[in-house]
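# Architecture at a glance
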Amino acid sequence: MRVMAQMGMVMNLDKCIGCHTCSVTCKQAWTNRAGTEYVWFNNVETRPGQGYPRRYEDQETWKGGWTLTNRGNLKLKAGGRVQKLLGIFASPVQPKLADYYEPWTYDYQTLIEAPLGDDFPVARPKSLITGENTKITWSANWDDNLGGSSEMGELDPIVAKLNASVRRESEEKVRFELEKTFMFYLPRICEHCLNPSCMASCPSGAIYKREEDGIVLVDQDRCRGWRQCITGCPYKKIYFNHKSGKAEKCTFCYPRVEVGLPTVCSETCVGRLRYLGLFLYDADRVTAAAATPDEGDLYEAQLDLLLDPSDPEVIAAARREGIPDDWMDAARRSPVYALAKTYRVALPLHPEYRTMPMVWYVPPLSPIVDVLSSQGHDAEDRGVLFGAIEALRIPVDYLAELFTAGRTDIITDVLQKLAAMRAYMRDVSLGRDGDPAIPEAVGMSEETLYEMYRLMAIAKYADRYVIPTAHVERAHELEEIGCSLDFDEGPGMYESGPFGEASGRPAPVAVETFNALKQRQTSDSAMTTTAGGGLRGRVNLLNWDGNGAPDGLFPGASAGSSDPTEAPR
Amino acid sequence: MNTFLWGVLPYLCIASLVGGTIWRYRYDKFGWTTRSSQLYESRLLRIGSPLFHFGILLVFFGHVGGLVIPESWTDAVGVSEGLYHFNALLFGGIAGVCTLVGILILVYRRRTTGPVFMATTKNDKLMYVFLVAAIVLGLWTTLVSVGAGSEAHNYRETVSPWFRSVFLLRPDVAAMAAAPIQFHIHAIVGMLLFALWPFTRLVHAFTAPLHYLFRPYIVYRSRDRQVSGSRQTRPGWSGIGTADRDRQR
């Protein structure tokens, strides 16, 4: 047994309102640069829908993930090592920009500079790739809220698969008429897989998994732009920066996670649906688990990899591997472990890709609840809900294709647990005694059900995010080697480098973020008054919270005058 | 003049190639990439790029065979002059034509596809001039060596001894000077291409990922051992927007 720690995420899809705040804040934080205009490390898809990039789930086309050889060994779906190397000069199945979308901006300058005339000036869309006028025909969430689904709904690979499997007359196809459809949102980030096929596809070996927390990163200095990882990732969550010629991906906001802060997407999530915490897993058994012959058993195999952090044997093994005690403590309090393994309500996305993804999803009950309430039923009554989970096959089949490689029994099980939680807690919140038959029906005790309710419905900040920090006693070995006095207000703080503002040695990313955030979170006024000294009269716009116009926000109108409230004379 | 071209220039070019590569590797690992443009256009690339790359690999091995292996060795195993040149013309010709057709498709694509052309730097353009010139001149020497139009020339008695002598630090200037003018031009362009090499996108060839065949699929790396992570901002990480693009062009 080789115990390794893995940062994981669980998203409770019932709470997702599809507001895209996670996508926008992630983009602002990470992909707001030339070359990554089309890149969304975090995106929110409406399902049924084609996703981003279009139809990425159709692995017969895109060849992502793993497959099994005749002898039962794992093999990249895009081919073996030699085959991958031979295809290096023109990647055979790389998505084109059109499969994502052509990014654009608007020509806002015209609005200001257009000469006086009879017509209103218009800000025309300009392609960010060519700079020419463009016609906007697609985007990362073009089919948001089922937009256009009546025409294009069948293009969803899962819908296509379900419809193709309809044989008997009595079975229904997935329909997109307003009254017959169902819908939910699926936010997606990199899965930080235990058995990542992007990593296995990388000819340079530039993609790696961090031993400490399992975060999968691309070494920008070793990536040579062979672009095999883009084909390799079945979730299409590795992107090609067309300006720098390197692959880029979701970083799990490692500079934040290292200091104990949740990722940007989690922190800003309006629905508070994301959970962050540790998994412990047995690294020696990953390959064997990923090579489970029957796709339907992959979910169970993946669950089996996760180790119980309270098990004395696991604790001893973890100690041998050098996992610190506070990490073990965090693993025991981990909300993601609780949702995935203890309560068994969180499921991996597309386990059939055999990558052992570590971002898990609590499937939504809402498609079923919506149908029930629109038909005038009591959607919180246990009997009605249980019956509906059995009767409304299409949403269940769809969810099964997403999360359990087609195993509807697992989905039904999870949905029944969620339904039981609703029904049981309604009694409690109405002041009645809880009905012990309800948790019993789904194989849970009243206590466990209540704990699950606390974690899922109350979902306090401290319960949602249990993030152990990178180790202080090992901090001097961290990537940020250098004099600790050189940063922020340390005595070694030097002027900017000889070739202007950004030249010279960089401030380590974790140190910078940590100090800035700590200051911002602990100060109760606009950030700049106290920090002004450190920044020598300037304002760090990245940390400016928009309150007022602090000193140093604008350069002085004349030499010696830095007070912006001072009227120009 | 001969002394400079065949006695001095080779060493200048080797110095530039070796020194430049070391410098580039130390100071510009972030810029060390294929700078693939497949995202913009892939229909023509899918034909042109493999044609060019496989062609140039064959050409490379052909050069190794012709320049490094002495004539006496092939004579010793009983390969006659005629047979050798027939093979050289056949395979060299096929590889050379493939390479040329490939690069012509790629240059055409680069010029006509808007986004690809926009992503082409001055550096690329200069490199293309030398690369295409070296290939065209190389094909020309292939023809000369079988005597098309004039009398045949056995470069393995002039160019090859000179090439080997350069690396033995006793350049045989006289041998090279005796070769026809076409070989001279091809060699000069070739040497300049290698001198230019470390400063262009061609460096990606030096990191051909052959180790992929042998490495384990899953790579674990400890956070502690990393040196990078808080790298300085590099030229690649510039702001978004069309105005910005214009400024950079």
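What comes next concerns the included structure. Nothing here was measured: the structure is a model prediction, and the numbers come from that model. (Residues numbered from 1 in each chain as written. Chains lettered and ligands numbered in written order. Predicted model: local features only at pLDDT ≥ 70, side-chain atom pairs only at ≥ 80, totals over all residues. Heavy atoms only, no water.)

On to the sheet that holds strand β13 (residues 347-348) of chain A, then. Residue and element names in this part refer to chain A. Taken together, 4 strands build an open sheet; the order of strands is β12-β1-β14-β13 and the sheet is mixed. The strands lining the two open edges of the sheet, one partner per strand, are β12 (274-282) and β13. As paired strands, β13 and strand β14 (residues 359-362) are joined by 2 bridges and run antiparallel to one another. By the bridge assignment for β14, Leu-347 is matched with Tyr-361. Strands in contact with helix α16 (residues 335-342) are β1 (3-12), β12 and β14; relative to β12, the strand with the most contacts, it is inclined by about 70°. (Pairing = 2+ DSSP bridges. Helix = DSSP H or I, 4+ residues; strand = E, 2+ residues; numbered from the N terminus. Contact = heavy atoms within 4.5 Å. Axes fitted to C-alpha atoms, helices over the stretch in contact; angles between N-to-C directions.)

All names here are of chain A. Burial along β14 is two-sided: the residues Val-359 and Tyr-361 and Trp-360 and Val-362 are all buried. Pairing of β1 with β14 involves 4 bridges; the strand directions are parallel. Following the sheet pairing, Val-10 is matched in β14 by Trp-360. (Buried < 20%, exposed > 50% of the residue type's maximum accessible area, 1.4 Å probe, protein only.)

This brings us to the packing of helix α4 (residues 81-112) of chain B against helix α6 (residues 122-145) of chain B. When two helices pack together, their arrangement is captured by the angle between the axes and the distance separating the axes. Residue and element names in this part refer to chain B. The geometry of α4 relative to α6 is characterised by a closest axis approach of 10 Å and an angle of 155° between their N-to-C directions. What the angle tells us is that α4 and α6 run roughly antiparallel. Here α4 and α6 pass one another in a crossing that is left-handed. Residue-level contacts link His-85, Leu-89, Gly-93, Gly-96, Val-97, Thr-99, Leu-100, Ile-103, Val-107 and Arg-110 of α4 to Asp-124, Tyr-128, Leu-131, Val-132, Ile-135, Val-136, Leu-139, Thr-142 and Ser-145 of α6. (Parallel < 35°, antiparallel > 145°, perpendicular 65-115°, else oblique. Left-handed = near helix turned anticlockwise from the far one by under 90°.)

On to the packing of α6 of chain B against helix α9 (residues 181-196) of chain B. All names here are of chain B. For the pair α6 and α9, interaxial distance at closest approach is 9 Å and the crossing angle is 150°. Relative to α9, the element α6 is oriented roughly antiparallel. Remark: the crossing between α6 and α9 carries left-handed chirality. Facing Leu-126, Met-127, Phe-130, Leu-131, Ala-133, Ala-134, Leu-137, Gly-138, Trp-140, Thr-141, Val-144 and Ser-145 of α6, the residues of α9 in contact are Gln-182, Phe-183, Ile-185, His-186, Val-189, Leu-192, Leu-193 and Leu-196. For the contact of α6 with α9, the class distribution of residues is 15 nonpolar, 5 polar and no charged. (Nonpolar A, V, L, I, M, F, W, Y, C, P; charged D, E, K, R; others polar.)

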